Amino acid sequence: MNELEKLINLAKNAANKIRKHNFVRVVCHNDADGLTSAGIMAQALLRAGICFQLSIAGKLDESVVEEVNSGISQGELVIFCDMGSGQPELIGKVAADVVVLDHHQPVGQSPAKAVVNAHMVGIDGATDISASGTCYLVARELGTGNIDLAGLAIAGAVGDRQLFQTANAFILEEALKAGVVSVRKGLKVGDGGLADVLAYSTEPFLDVTGYPEKASEFLNQLGLSGNIENLSEEELSKLASAIALKLVRQASPEAIEAVIGEVFLLNRELVHNVYDFISILNTCGKQKVYGLALALCLKDSSIVDEALSLTKEHEKNLAVDVRDSVEKIRKGENIWYISTVDALSTGSLATTVVRYLHPELPFICVNESEGILKVSARGTRELVSKGLDLAFALREAAGAVGGSGGGHSVASGASIPLGSTEEFLSIADRIIGDQLRKNSSGKAR
């Protein structure tokens, strides 16, 4: 039995557990992957005739467990999506049976009745399957008609910047065969006016990002105008080549791969371009309008204009916010870092820096928000191959200052108490330095 078959067996086991209940409580993470997971589970449960209550959370903590326990009875079922693998002690406090559908690195022994996690069978959850992909594997076991949900799984994987290999490749193949998803070659960006797309997308982050007049000037030099989706193959190639030349000077090798290639079109969703789709979900997550995100996943066409309008405004603000923040970045011994207050999206900032500006070292953003410090850290696959494990580094450094953290080797997060920034960064810097030095046979990099 290969790894994928083992993962599908775990999904069958979870589906069997879920099927035995008339009511389940579902809790999902608030990013694009978590929200597509919510959309998949909601539709699969509806179709299976299982009543459910669904909520969205920024992280799994004591308050989430308390809220779940206040409305659940023993013998009922709680499903955690895109969370739960790293907090076995919290799962143990849930006063009902638990199923965890996740792709983060597991920690310890889970008390859950069923866990579906690619890491358990030797597949890398950081790159090869998202939480929404995991939920899709369970949904296809809950009902044979759920293959149309594969589009949401593809969107979740793109939202988590994953690779389409092993488990993701299997899901993509099913989606393509069923006509749920199709592919076009080009720039991996949303649709719309060329100048706006280049000026207000942080993917790719170029020297014209945040500057509409510079974006227009760049396009004039290329002799290009109009909407990106209407460009001919020759025009698209011209634009892609010009962008690649800008990126090759400074960005990581991953950046070009991230910007130029196959664009997935979600044929069964209300918004077809996957990059527009995940932009809406990320915006809804950041602005905590989760109902709008779920309505999009559940195909409520009445909300599309509102969701697109909200997203365009957020993206403009985000591009300017990231552009302003980039000038305040500082360098430690083994990391680049920044300390911000109420940044619009620390994840977008962290990805931008490590992918487009300083790919040679990991980047950590510490952002003060709602009375605590929230941390986002990003690396590159090349750094991971050299020994980087941000999930371990952030878990250890956050724990040392009275916080908590975890995630993936290449992308991780943490929450730490106010006033602990310097100590946290110092510990994380030292741990990351040890990881990178250890892998290069004891030689300093």
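Above: the structure in question.
Described below are features of the structure shown in this document. (Residues numbered from 1 in each chain as written. Predicted model: local features only at pLDDT ≥ 70, side-chain atom pairs only at ≥ 80, totals over all residues. Heavy atoms only, no water.)

Section: helix H14 (residues 304–326)
Consideration 1: With 23 residues, H14 extends 32 Å from end C-alpha to end C-alpha; this agrees with the ideal 33 Å at 1.5 Å per step.
Consideration 2: Taken as a whole, H14 has its buried residues at Val304, Ala307, Thr311, His314, Glu315, Leu318, Ala319, Val322, Arg323, Ser325 and Val326.
Consideration 3: Buried residues belonging to H14 abut helix H8 (194–200), helix H12 (274–287), helix H13 (290–297), strand E9 (336–341) and helix H15 (346–357). (Helix = DSSP H or I, 4+ residues; strand = E, 2+ residues; numbered from the N terminus. Expected span 1.5 Å × (residues − 1). Buried < 20%, exposed > 50% of the residue type's maximum accessible area, 1.4 Å probe, protein only. Contact = heavy atoms within 4.5 Å.)

A few points about empty space enclosed by the protein
Consideration 1: Inspection of the entire model under this criterion finds 1 cavity of 30 Å³ or more.
Consideration 2: Here the largest cavity is characterised by a volume of approximately 40 Å³.
Consideration 3: Lining the largest cavity are Asp276, Ser279, Ile280, Leu308, Thr311, Lys312 and Glu315.
Consideration 4: With 4 residues, H14 is the largest single contributor of residues to the lining of the largest cavity.
Consideration 5: Residue composition of the lining of the largest cavity, grouped by class: 2 nonpolar, 2 polar and 3 charged. (1 Å grid on protein atoms, 1.4 Å probe; cavity = no way out; pocket = protein on both sides within 12 Å on 5 of 7 lines; lining within 4 Å. Points joined across faces, edges and corners; volume = space filled by probe spheres on them. Nonpolar A, V, L, I, M, F, W, Y, C, P; charged D, E, K, R; others polar.)

Things to note about the sheet that holds strand E8 (residues 330–331)
Consideration 1: Pairing within the open sheet is mixed, and its 6 strands lie in the order E8-E9-E10-E11-E13-E12. Across the chains shown, the open sheet's two edge strands, defined by having one partner strand only, are E8 and strand E12 (404–407).
Consideration 2: Relative to strand E10 (residues 363–369), E9 runs parallel, the two being bridged by 6 bridges. Bridge pairing in E10 places Val341 opposite Glu368.
Consideration 3: On the sheet, helix H17 (residues 390–400) packs against E10, strand E11 (372–378), E12 and strand E13 (411–416) and is oriented at approximately 10° with respect to E13. (Pairing = 2+ DSSP bridges. Axes fitted to C-alpha atoms, helices over the stretch in contact; angles between N-to-C directions.)

A closer look at the environment of Asp31
Consideration 1: Secondary-structure assignment places Asp31 in the loop between strand E1 (23–29) and helix H2 (32–47).
Consideration 2: Ignoring anything within four residues of it in the chain, the contact list for Asp31 reads Asp82, Asp160 and Asn282.
Consideration 3: In terms of polar contacts, Asp31 uses its side chain to reach the backbone amide nitrogen of Gly34, at 2.8 Å. (Polar contact = N/O pair within 3.5 Å; in protein donor to acceptor, adjacent residues only side chain to side chain.)

Focus on the sheet that holds strand E2 (residues 51–57)
Consideration 1: Taken together, 5 strands build an open sheet; the order of strands is E2-E1-E3-E4-E5 and the sheet is parallel. Two strands bound the open sheet, and with one partner strand each, they are E2 and strand E5 (114–117). The mean inter-strand angle of the sheet, taken between neighbouring strand axes irrespective of direction, is 15°.
Consideration 2: As paired elements, strand E4 (residues 97–102) and E5 share 4 bridges and run parallel to each other. Within E5, the residue paired with Val99 across the bridge is Ala114.

Regarding the nonpolar core
Consideration 1: Among the nonpolar cores identified, the biggest contains 72 residues, and Leu7, Ile18, Ile79, Leu101, Val138, Ile171 and Phe277 are the most heavily contacted of them.
Consideration 2: Contact partners of Ile18, with chain neighbours within four places excluded, come to Met41, Leu45, Ile50, Leu77, Ile79, Val138 and Leu142.
Consideration 3: With 42 residues, the next largest nonpolar core counts Val189, Leu231, Leu239 and Ala319 among its residues. (Core = buried A, V, L, I, M, F, W, Y, C linked by side-chain atoms within 4.5 Å.)

Re the packing of aromatic side chains
Consideration 1: Counted according to the given criterion, the structure contains 1 aromatic pair.
Consideration 2: Ring plane angle 65° and centroid distance 4.9 Å describe the contact between Phe164 and Phe264, whose orientation is recorded as edge-to-face. You can see Phe164 sitting in the loop between helix H6 (150–159) and helix H7 (166–177) and its partner Phe264 sitting in strand E7 (residues 260–266), a full 100 residues away along the chain.
Consideration 3: Since its relative accessible area comes to 27%, Phe164 is described here as partly exposed.
Consideration 4: Here the guanidinium or amino end of Lys214 rests over the ring plane of Tyr211, the centre of that ring lying 4.2 Å away. (Phe/Tyr/Trp six-rings, centres within 6.5 Å; stacked < 30°, edge-to-face > 60°. Lys NZ or Arg CZ within 6 Å of the ring centre and 35° of its normal.)

Description of the pattern of salt bridges
Consideration 1: Within this structure, the stated rule accounts for 17 salt bridges.
Consideration 2: Measuring nitrogen to oxygen at the nearest pair gives 2.6 Å for the salt bridge that ties Glu257 to Arg381. Of the two residues, Glu257 sits in helix H11 (residues 253–259) while Arg381 sits in helix H16 (residues 381–385), which places them 124 residues apart along the sequence.
Consideration 3: Lys299 is the partner of Glu269 in a salt bridge, and the nearest nitrogen-oxygen pair spans 3.6 Å. Taken together, the positions of Glu269 in the loop between E7 and H12 and Lys299 in the loop between H13 and H14 put the pair 30 residues apart, joining distant regions of the chain.
Consideration 4: Judged by relative accessible area, Glu269 falls into the buried class, the value being 3%.
Consideration 5: Here the residues in one salt-bridge network are Arg140, Glu141 and Glu174, joined through shared partners. (Salt bridge = Lys/Arg side-chain N within 4 Å of Asp/Glu carboxyl O.)

Some remarks on the pairing of strand E3 (residues 77–81)
Consideration 1: For E3, a buried count of 5 out of 5 residues is recorded, marking the element as mostly surrounded by other parts of the structure.
Consideration 2: Going residue by residue along E3, you find Leu77, Ile79 and Cys81 tucked away on one face and Val78 and Phe80 tucked away on the opposite face as well.
Consideration 3: Here 5 bridges tie E1 to E3, and the two strands are oriented parallel to one another. Within E3, the position partnered with Arg25 by the bridge is Val78.
Consideration 4: Note: E3 against E4, 5 bridges, orientation parallel. Note that in E4 the partner of Leu77 across the bridge is Asp97.

Brief notes about the packing of H6 against H12
Consideration 1: Close contact between H6 and H12 brings their axes to 10 Å; oriented N to C, the two are set at 75°. Looking at the two axes, H6 sits roughly perpendicular to H12. Along its contact with H6, which presents Leu152, Ala155, Val158 and Gly159, the element H12 presents Val274, Tyr275, Phe277 and Ile278.
Consideration 2: Grouping the constituent residues of the contact of H6 with H12 by class yields 7 nonpolar, 1 polar and no charged. (Parallel < 35°, antiparallel > 145°, perpendicular 65-115°, else oblique.)

Digging into the side chain of Asn146
Consideration 1: Along the chain, Asn146 falls in the loop between helix H5 (131–142) and H6.
Consideration 2: Among the residues examined, Asn146 registers a relative accessible area of 3% and is labelled buried.
Consideration 3: Within the structure, Asn146 has its side chain in polar contact with the side chain of Arg47 (distance 2.8 Å).
Consideration 4: Look past the residues within four positions of Asn146 in its chain and what remains in contact with it is Ala44, Arg47, Tyr136, Ala139 and Arg140.

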